[in-house]
Amino acid sequence: MRVDRLPFEELPDETRQAIAARVGEDCPRAEVESGTSSALASLFWPASGPEMVFVKGLPLDHPRIGELQAEAAVAPFTPAVAPRLLWQEEAGGWLLLCFEGAHASAWAYFGDDGDHLEPVAAALRELSLLPAPAEVQLTPWDRWGEYCNPVHEQLLTGDRLVHSDPAATNFMVERTGRVWMIDWAWAMRGPAWIDAALWGFCLVLDGKQSVEDAARWARSIPAFADAPREGVWVLAEAEARSWEDWREHGMTELDETITAARAWAAHWR
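Reading guide: rules and limits
Residues numbered from 1 in each chain as written. Predicted model: local features only at pLDDT ≥ 70, side-chain atom pairs only at ≥ 80, totals over all residues. Heavy atoms only, no water. Helix = DSSP H or I, 4+ residues; strand = E, 2+ residues; numbered from the N terminus. Expected span 1.5 Å × (residues − 1). Buried < 20%, exposed > 50% of the residue type's maximum accessible area, 1.4 Å probe, protein only. Phe/Tyr/Trp six-rings, centres within 6.5 Å; stacked < 30°, edge-to-face > 60°. Lys NZ or Arg CZ within 6 Å of the ring centre and 35° of its normal. Axes fitted to C-alpha atoms, helices over the stretch in contact; angles between N-to-C directions. Parallel < 35°, antiparallel > 145°, perpendicular 65-115°, else oblique. Left-handed = near helix turned anticlockwise from the far one by under 90°. Contact = heavy atoms within 4.5 Å. Nonpolar A, V, L, I, M, F, W, Y, C, P; charged D, E, K, R; others polar. Pairing = 2+ DSSP bridges. Salt bridge = Lys/Arg side-chain N within 4 Å of Asp/Glu carboxyl O.

**Considerations on helix α5 (residues 194-205)**
Residues that lie three or four places apart on an α-helix share one face, since the helix turns once every 3.6 residues.
Piece 1. Over its 12 residues, α5 runs 17 Å from end to end, which matches the ideal 16 Å to within 8%, given 1.5 Å per residue.
Piece 2. With 12 of 12 residues buried, α5 is to be regarded as a mostly interior element.
Piece 3. Turning to α5, its buried residues are I194, D195, A196, A197, L198, W199, G200, F201, C202, L203, V204 and L205.

**Section: the packing of aromatic side chains**
By convention here, two paired aromatic rings are described through the distance between centres and the angle between planes.
Piece 1. Inspection of every chain in the model, using the stated rule, returns 6 aromatic pairs.
Piece 2. Ring centres 5.5 Å apart and planes at 80 degrees place the aromatic pair F224 and W268 in the edge-to-face group. Pair noted here: F224 is in helix α7 (residues 222-225) and W268 is in helix α9 (residues 255-268), with a separation of 44 residues, a long-range link.
Piece 3. Given the relative accessible area of 4%, F224 is considered buried.
Piece 4. Taking the relative accessible area as the measure of exposure, W268 reaches 5% and is therefore buried.
Piece 5. Relative to W268, the ring of W264 lies with its centre 5.4 Å away and its plane at 75 degrees, an arrangement referred to as edge-to-face. Of this pair, W264 and W268 both sit in helix α9, separated by 4 residues, roughly a single helical turn. A single burial state applies to W264 and to W268, both of which are buried.
Piece 6. The structure contains a cluster of three or more aromatic residues connected by ring pairs, namely F110, F171, W199 and W217.
Piece 7. When the ring centre of W186 is taken as reference, the NZ or CZ atom of R143 above it lies at 5.7 Å.
Piece 8. For R269, the ring lying beneath its charged end belongs to W233, and the centroid distance is 4.1 Å.

**Some thoughts on unusual backbone geometry**
What is expected of a backbone is that most residues other than glycine have negative phi and most peptide bonds are trans.
Piece 1. For D26, which is not glycine, the phi torsion reads 55 degrees and is therefore positive.
Piece 2. Considering the arrangement of structural elements, one finds D26 in the loop between α1 (13-23) and β1 (29-31).
Piece 3. D26 sits in the exposed class, given a relative accessible area of 75%.
Piece 4. Positive phi, close to 55 degrees, is recorded for K208, a residue that is not glycine.
Piece 5. Looking at the secondary structure, you find K208 in the loop between α5 and α6 (211-219).
Piece 6. A residue is classified by how much of its surface remains accessible, and K208, at 56% relative accessible area, is exposed.

**Some details on the packing of α6 against α9**
Piece 1. Two elements in contact, α6 and α9, have axes whose closest approach is 10 Å; the angle formed by their N-to-C orientations is 70 degrees. Here α6 is positioned roughly perpendicular relative to α9, judged by the angle of their axes. Helix-helix and strand crossings are classified by hand; for α6 and α9 the assignment is right-handed. Counting all contacts with α6, which are made through V211, E212, A214, A215 and R219, the residues of α9 involved are A263, W264, H267 and W268.
Piece 2. A per-class count over the contact of α6 with α9 returns 6 nonpolar, 1 polar and 2 charged.

**Some thoughts on the sheet that holds strand β3 (residues 53-59)**
Piece 1. Within the open sheet, the 5 strands sit side by side as β1-β2-β3-β5-β4. Their pairing is antiparallel. Two strands bound the open sheet, and with one partner strand each, they are β1 and β4 (85-91). Neighbour-to-neighbour, the strand axes of the sheet open up by a mean angle of 20 degrees, direction not taken into account.
Piece 2. Bridge count between β4 and strand β5 (residues 94-100): 6 bridges; the pairing is antiparallel. Its bridge partner lying in β5, E90 is registered against L95.
Piece 3. Along the sheet, α1 makes contact with β2 (40-44), β3, β4 and β5, crossing β4 at roughly 150 degrees.

**Quick look at the pattern of salt bridges**
Piece 1. Across all of its chains, the model carries 16 salt bridges by this definition.
Piece 2. Between K56 and D183 there is a salt bridge, and its shortest N-O distance comes to 2.8 Å. With K56 in strand β3 and D183 in the loop between β8 (179-181) and β9 (188-190), the pair connects residues that are 127 residues apart, well separated along the chain.
Piece 3. The residue R125 makes a salt bridge to E118 at a minimum N-O spacing of 2.8 Å.
Piece 4. For R125, a relative accessible area of 22% gives the class partly exposed.
Piece 5. Connected through shared salt-bridge partners, E237, R241, E244 and R262 make up one network.

Take it as geometry only, folks, not as evidence of what the structure does.
Below, the structure is given as C-alpha cells:
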C-alpha cells in the first residue's frame, strides 16, 4: 500500500507544534519526494543541534502504523550504516520519528557501470555479522513462509539482524562513499545471507544487471558465498511467488518486478 503524502501545512496543529518545539519555529524545511511508506517525510535544518534532521510520520490509525512502530523499536540496535533515531513523539494523533539527516544521493545506483556497488556490498558485509537483538522477533518464515514448502523452514532460520529490503531506494550514498541504509521497518532475525540474496534480486531489478553479474556481487559477501544453494533458491522462489500473489490481488505495474524475480529464482534452481 503506497502512502499518500500530506503537505506539512496540512498536518494537525498539535503535530506541527510538536515538531516546531523540537527543531525550532520557522525552521528551514524541504519535502522528501522519494519513498512510499510515510505520510510525512521532511528534512529540517535546526538552528542548534544536528545540522540536518529527517522527520517521518503517520497517523496512529493508519493501516501501516505498525511498520513505523517496528522501525522505532529496532532503531537502538541498528548498525552504524543506519541513521540514528534522535527522538520519537506522538502528537495530534500522529507518530513522529526524527532521524539524523544525510547529505547523500536520494538512493543508490545499482547499475554495473556505477561506483555505489562496492560501498553497498561493504555495508551488507558489516550487517551480516550482527546478531539480532531479542527485541527483533519477525523472521523470514513469517514473511515468506506461506510461499514455501514447510520442510524448508530451517533453511530460513537464523540469528542475525536482517534488513530484508535492500532495494536501491533504501540506500543513500554520500560523495565520500559512505553508505546509509534506511527504512528498517521490516527488520528481522534470520540467516546472515538473506540480505545479500535479496540484494542480488534488486541488482537485477533496480540495476538491470544480468543474473550472473548480480550473483557475483552477492557472492562478494562471505555470508552469501557460504549460503546453502537450496536456501537461496527457496527464498528467491518465495519472493517471486509473493509478487505474483500481489498481482493476482490487483496490484498493477508488476510485470518488470516479476520478470526479474523469476530470472533470479531460476538461476538458483
